[in-house]
Amino acid sequence: MSANIHKINHIGIAVKNLEAQVEFYRDVLGLHFEEIEDLPEQHLKVAVFLAGDIRIELIKSTSPDSAISKFVDKTGGGMHHIAFGVDNIQNTLDNLSDEGVQLIDPRPRKGAGGHRIAFLHPRSTYRVLMELCED
Ligand code: ZN
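Everything numeric in this text was worked out from a predicted model, so none of it was measured.

### Thoughts on the overall build of the protein
Link 1 in the chain: Each helix and strand in the protein was counted, giving 3 helices and 8 strands.
Link 2 in the chain: For the protein, the N- to C-terminal ordering of α and β elements is β-α-β-β-β-α-β-α-β-β-β.
Link 3 in the chain: Principal-axis analysis of the C-alpha atoms gives the protein an extent of 45 × 35 × 25 Å.
Link 4 in the chain: Going through the 135 residues of the protein one by one, you find that 41% of them count as buried.
Link 5 in the chain: Excluding contacts between residues fewer than 6 apart, the proportion of contacts in the protein whose partners are at least 24 apart in sequence is 50%.
Link 6 in the chain: For the protein, the exposed surface amounts to about 7800 Å²; the carbon and sulfur share of it is 51%.
Link 7 in the chain: Between the mean site of the 14 positive side-chain charges and the mean site of the 20 negative ones, the protein shows a separation of 6 Å.

### With respect to the environment of T62
Link 1 in the chain: Here T62 is to be found in the loop between β4 (54-61) and α2 (67-75).
Link 2 in the chain: When the C-alpha atoms of T62 and D105 are compared, they prove to be 22 Å apart, with 43 residues separating the residues in sequence.
Link 3 in the chain: Once residues within four sequence positions are removed from consideration, T62 is found in contact with H43, L44 and K45.

### Section: helix α1 (residues 18-28)
Link 1 in the chain: Along α1, the positions that sit buried rather than exposed are L18, V22 and Y25. Buried residues of α1 fall within an arc of 70 degrees about the axis and therefore sit on the same side. Along α1, the residues that are exposed and aim more than 90 degrees away from the buried face are E19, D27 and V28.
Link 2 in the chain: In this structure, the buried residues of α1 make contact with β1 (8-14), β2 (32-39), β3 (44-51) and β4.
Link 3 in the chain: Capping the start of α1, N17 holds a side-chain oxygen 3.2 Å from the backbone nitrogen of E19, two or three residues further along.
Link 4 in the chain: G30 sits one or two residues past α1 and shows a positive phi near 80 degrees.

### A short note on the side chain of S61
Link 1 in the chain: The residue S61 is located in strand β4 in this model.
Link 2 in the chain: Within the local environment of S61, its side chain forms a polar contact with the backbone oxygen of S63, the two atoms lying 2.8 Å apart.
Link 3 in the chain: Among the polar contacts made by the side chain of S61, one reaches the side chain of S69 at a distance of 3.1 Å.
Link 4 in the chain: If we skip the residues at most four places from it in the chain, S61 touches H43, L44, S66, I68 and S69.

### Quick look at the packing of aromatic side chains
Link 1 in the chain: Considering all chains together, one arrives at 3 aromatic pairs under this definition.
Link 2 in the chain: Centre to centre, the rings of F24 and Y25 are 5.7 Å apart; their planes meet at 85 degrees, and the pair counts as edge-to-face.
Link 3 in the chain: Using a relative accessible area of 40% as the deciding quantity, one classes F24 as partly exposed.
Link 4 in the chain: With a centroid separation of 5.3 Å and an interplanar angle of 55 degrees, the aromatic rings of F33 and F49 are classed as tilted. Of the two residues, F33 is situated in strand β2 and F49 in strand β3; the sequence distance between them amounts to 16 residues.
Link 5 in the chain: Residue classification places F33 among the partly exposed residues on the basis of a relative accessible area of 27%.
Link 6 in the chain: One aromatic cluster is present, formed by F24, Y25, F33 and F49 through successive ring pairs.

### Some words on the pattern of salt bridges
Link 1 in the chain: With the rule as written, the count across this model stands at 5 salt bridges.
Link 2 in the chain: Residue D135 pairs with K7 through a salt bridge whose shortest N-O separation is 3.0 Å. Residue D135 is located in the segment after β8 (130-134), and its partner K7 is located in the segment before β1; the two are separated by 128 residues in the primary sequence.
Link 3 in the chain: Of the charged contacts, one joins R55 and E57 as a salt bridge, the two residues approaching to 2.6 Å between their closest N and O atoms. E57 carries the same exposure label as R55, and that label is buried.

Each value, and the rule that gives it
Residues numbered from 1 in each chain as written. Predicted model: local features only at pLDDT ≥ 70, side-chain atom pairs only at ≥ 80, totals over all residues. Heavy atoms only, no water. Helix = DSSP H or I, 4+ residues; strand = E, 2+ residues; numbered from the N terminus. Buried < 20%, exposed > 50% of the residue type's maximum accessible area, 1.4 Å probe, protein only. Contact = heavy atoms within 4.5 Å. Areas by Shrake-Rupley, 256 points an atom, 1.4 Å probe, with all protein chains shown as cover. Lys, Arg positive; Asp, Glu negative; His and termini not counted. Charge placed at Lys NZ, Arg CZ, Asp CG, Glu CD. Arc of directions from axis to C-beta. Polar contact = N/O pair within 3.5 Å; in protein donor to acceptor, adjacent residues only side chain to side chain. Phe/Tyr/Trp six-rings, centres within 6.5 Å; stacked < 30°, edge-to-face > 60°. Salt bridge = Lys/Arg side-chain N within 4 Å of Asp/Glu carboxyl O.

Laid out in structure tokens, this is it:
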């Protein structure tokens, strides 16, 4: 049985300079700017934009040791992950695990906006980092 995923919740973009990129997305692209969320537990600041009902999240790490910081150091920043919206994240994780998909988070954890999230391992997704996000 497939995981039956049918929508995108957000696209995560890792950034080096949050202010400069907020200006670009807001003032040049003209996307609707929602807010900047502080996630001190995860050492992240996330600027949230809306493109229709899909969120674009610009993710800035506030800790040099985080996965996001390492990604930005290595690549200069850019497309980081795609997040699918699901109704029941634990069911979806269990389905994917049954299908042999490796999970970074076998149990959901708290992400931006207080949503329950979990990441799939890129080894199992043809090298695209995928997140599940419970609506
Ligand atoms: Zn995300």
